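Structural characterization, general
Spelled out from the first residue to the last, the chains are:
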Amino acid sequence: VLCTGNEKLSTIGQDLERLGVPVLFLGSLFERAEVKDLLALLSVLVDRRAMGLLRIACWPDFTTSFSDVAAIFEHLRAAEHSPGSWLKHVDAIPTVSDAGRQALSKLAIALSGFDQTASPWTVLATLLLDRTRIAARFGASEDLADRTRGIAIWQFLNFMRVQPIGSGLPITRMLDRVRRLVRLGDDRDLRQLPAAAQHLDAVRLMTIHGAKGLEFGGVHMPGLNSDTIPRTPPAPPCPAPDGMIAGAEGSALEAYRAGQAEEQECLFYVAQSRARDRLILYAPTEKSNGHSRPLSPFLDRLGSALTRRSVVPTRQLPIAAEARGVELVIDGRLRFGAPQIALYESCPRRFFYTHVLHVGGRRTTTAFMHLHEAVRSVVKTVIASDLPVTEQELTDRTDTALAGEGLGEHGYRAEFRDLALAMLRFFLSGRAGAIAEAPVAVSIILGGEEILVEPDEVLMRPNGVRAVRRVRTGHMRSAESKDVGAAALVLAVKQAYPGAVAELVHLSDGEASELSLSDRELKGRTDKLSKFLGDIRTGRFPAEISSRTCPNCPAFFICGPTPDGPLQKKFA
Ligand code: SF4
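Parameters at a glance
Residues numbered from 1 in each chain as written. Predicted model: local features only at pLDDT ≥ 70, side-chain atom pairs only at ≥ 80, totals over all residues. Heavy atoms only, no water. Near = heavy atom within 4 Å. Nonpolar A, V, L, I, M, F, W, Y, C, P; charged D, E, K, R; others polar. Pairing = 2+ DSSP bridges. Helix = DSSP H or I, 4+ residues; strand = E, 2+ residues; numbered from the N terminus. Salt bridge = Lys/Arg side-chain N within 4 Å of Asp/Glu carboxyl O. Axes fitted to C-alpha atoms, helices over the stretch in contact; angles between N-to-C directions. Contact = heavy atoms within 4.5 Å. Core = buried A, V, L, I, M, F, W, Y, C linked by side-chain atoms within 4.5 Å. Buried < 20%, exposed > 50% of the residue type's maximum accessible area, 1.4 Å probe, protein only. Domains from an automatic or database assignment. Buried area = accessible area lost by both parts, 1.4 Å probe. 1 Å grid on protein atoms, 1.4 Å probe; cavity = no way out; pocket = protein on both sides within 12 Å on 5 of 7 lines; lining within 4 Å. Points joined across faces, edges and corners; volume = space filled by probe spheres on them. Polar contact = N/O pair within 3.5 Å; in protein donor to acceptor, adjacent residues only side chain to side chain.

With that settled, consider the site of the ligand. In the vicinity of the ligand, the contacting residues are C347, R349, R350, Y353, A543, E544, I545, C550, C553, F556 and C559. Residue composition of the shell around the ligand, by class: eight nonpolar, no polar and three charged.

Attention shifts here to the pairing of strand β6 (residues 275-281). Strand direction decides the pairing type here: strand β5 (residues 216-221) and β6, joined by five bridges, are parallel. By the bridge assignment for β6, G218 is matched with R278.

Next up on the list: the pattern of salt bridges. Taken as a whole and assessed by the stated rule, the structure comprises 34 salt bridges. Among the ionic pairs, R77 bridges to E74, the shortest N-O distance being 3.3 Å. Residue R77 and its partner E74 are located together in helix α4 (residues 66-78), separated by three residues, close to a single helical turn. In this structure, E503 and R461 form a salt bridge, with 3.2 Å as the shortest nitrogen-oxygen distance.

Reading across from one edge, β8-β11-β10 is the order of the three strands in this open sheet, with mixed pairing throughout. Only two strands of the sheet have a single neighbouring strand rather than two, namely β8 (335-337) and β10 (442-446). The mean inter-strand angle of the sheet, taken between neighbouring strand axes irrespective of direction, is 25°. In the sheet, β8 pairs with strand β11 (residues 449-453) via three bridges, with the strands oriented parallel. Bridge pairing in β11 links R335 to E450. Helix α11 (residues 338-346) contacts β8 and β11 of the sheet and is inclined by roughly 90° relative to β8.

Turning our attention to the nonpolar core. If you look at the biggest cluster of nonpolar residues, it comprises 117 residues, and the most contacted ones within it are F30, W86 and F156. It is helix α16 (residues 484-496) that provides the largest number of residues to this core, a total of nine residues. Dropping the residues within four chain positions of it, F30 is found in contact with V35, K36, L39, F156, F159, V178, L181, V182, D187 and L190. With 20 residues, the next largest nonpolar core counts L371, V378, F427 and V471 among its residues.

When cut into domains, the protein chain gives domain 1 (211-236 + 251-305), domain 2 (333-364 + 433-543) and domain 3 (367-429). Look at where the C-alpha atoms of domain 2 and domain 3 centre, and you get two points 25 Å apart. The partner domain 3 presents 10 residues to the 16 residues of domain 2 that form the contact. Around 950 Å² of area is buried between domain 2 and domain 3 when both sides are counted, 71% of it from carbon and sulfur atoms. Here domain 2 and domain 3 share zero salt bridges between them. Listed by contribution, the elements that provide at least two residues to the side of domain 2 that touches domain 3 are β13 (466-472), β14 (501-506) and β15 (511-514). Its residues assigned to classes, the side of domain 2 that touches domain 3 comprises five nonpolar, six polar and five charged.

We now examine the layout of surface pockets. One water molecule sets the probe size; rolling that probe over the atoms shows where empty space is left. Space inside the second largest pocket adds up to approximately 2,000 Å³. I280, L281, Y282, A283 and V311 are, among the 46 residues lining the second largest pocket, the residues nearest its centre. When residues of the lining of the second largest pocket are traced back to their parent elements, those giving at least two are α1 (6-18), β5 and β6. Residue contributions to the lining of the second largest pocket peak at five residues, all from α1. Classifying every residue of the lining of the second largest pocket gives 27 nonpolar, 12 polar and seven charged.

Time to look at the pairing of β13. It is a general feature of regular strands that their side chains alternate between the two faces of the sheet. With five of seven residues buried, β13 is to be regarded as a mostly interior element. Bridge analysis of strand β12 (residues 457-460) against β13 gives four bridges, and the strand direction is antiparallel. Note that in β13 the partner of M460 across the bridge is R466. The loop that links β12 with its antiparallel partner β13 comprises five residues; one of these, G464, has a positive phi angle of about 85°.

With that out of the way, let us pick up the side chain of S43. Tracing the sequence through the fold places S43 in helix α2 (residues 33-44). There is a polar contact of 2.6 Å between the side chain of S43 and the backbone oxygen of A40. When residues no more than four places from it in sequence are discounted, the contact partners of S43 are G52 and L175.

Along the chain, R32 turns up in the loop between β2 (23-24) and α2. You can call R32 buried: its relative accessible area is 9%. At a separation of 3.1 Å, a polar atom in the side chain of R32 contacts the main-chain carbonyl oxygen of L26. Among the polar contacts listed, one links the side chain of R32 to the side chain of E34, at a separation of 2.4 Å.

Here is the structure:
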């Protein structure tokens, strides 16, 4: 199977594996299920909240029910433990079932002697080779999918053996490095199959570039659509000056485009000439929204050699583990804050980890995050006291807040102080001449479920306009003024403050923007809110996978399958 890019190949590889077709393709090593399982296991030794348990509980060796996993999360939230130490005292966690205790005792034995200071390679080599039958099972299996999994684990162990020297805990350092490699797309070397695996009889997946010089009896090439090949790349951010390219006709941009078009033709030629006997080209003719999707103009060049056929897939693609629903048993109505429901809009799975399981929050804080926390605390005191603040009081409060966040002696203290004061002065300027009113939380009921909107402040301006404001210390996200969180604020203002305006204030931008949603937009967002609440109730939390955002997500190493069994929750 030949594709233009690695991301598409990864998707096709995973889909073929789910259909039981043996493939010889690793894809992105750190996003493979078996490697993520191992990363999740290692994370348990350095993560107080033991988020990785979600994946480990799905292993056949340590199967634990969802209710037991939730009971452990609850226990860890309530008590102070060093990471991983709770495994020694599972018997003392009252709500865990006998079956759960047995599975976790096995995990405790498998990890005994290791703590947060352990070397990741030693932990995994010991666990896979000495203390469980996991490596033996992969080694003895005749199933090609298992053998590919074994190769991926072998590749991962090799990666872990050679880690750069640095300070800090070895497992944490390794996990941070994995995030960095994926974020920068710098894990390409690890995608290569070792030479010893090349003889395996399975479908090979590779990029067209990677297939240069090779030949196969049959070649499948998906995505023969006009928006895939030839691809029109965006204009270069820094094009050569006109006249600089020797022999080029027209402007530098035209020369660039002509070069790109030629390269696309070469790519198509390389792909089709890899086939010795059969070349099978695929192109969907319809988009998911029902609009038609044109075919690639390159197809016409194949003339009468091409037999065109319309195919309707006969096999359903099995649902991916991370797309499977969660068996949620909810006592009473749902109740979520507007920012929480906005997270469901960006990634339902992340919402699930953060606001249903309460394990997904960020755990590493930077000095910059402490700066924002300090600003937030001063903003709160200003809103709470409702007395005019002099410049001297402002600087005093800022200094105290920065010191309280541990930035009093920081090397960039002066810069942080300037930034904090600039944000706070902007905040105060927005209140000048206005009378502050006590903000009240507004409850919006949709389909029997509840969304709670808590404005940060309400100001009556000298011109008689009341402003209901949400104050954030950071920058405004591109879609923030139109997301469901903004819509919830507008709905709350209409309900509890008729005639008032809703405002989003972003102190890092130094901007306050009035929210304006047309009736149609507001209706669309309200329908979306209702749908999201319905999806949450039925346990639908699909993962919104993105190579840009996932490596920064706290749930990156555990995102995937969830344990079996019902999960009981009460939100209101
Ligand atoms: S890793 Fe990606 S898909 Fe998974 S929860 Fe985080 S953002 Fe969502």
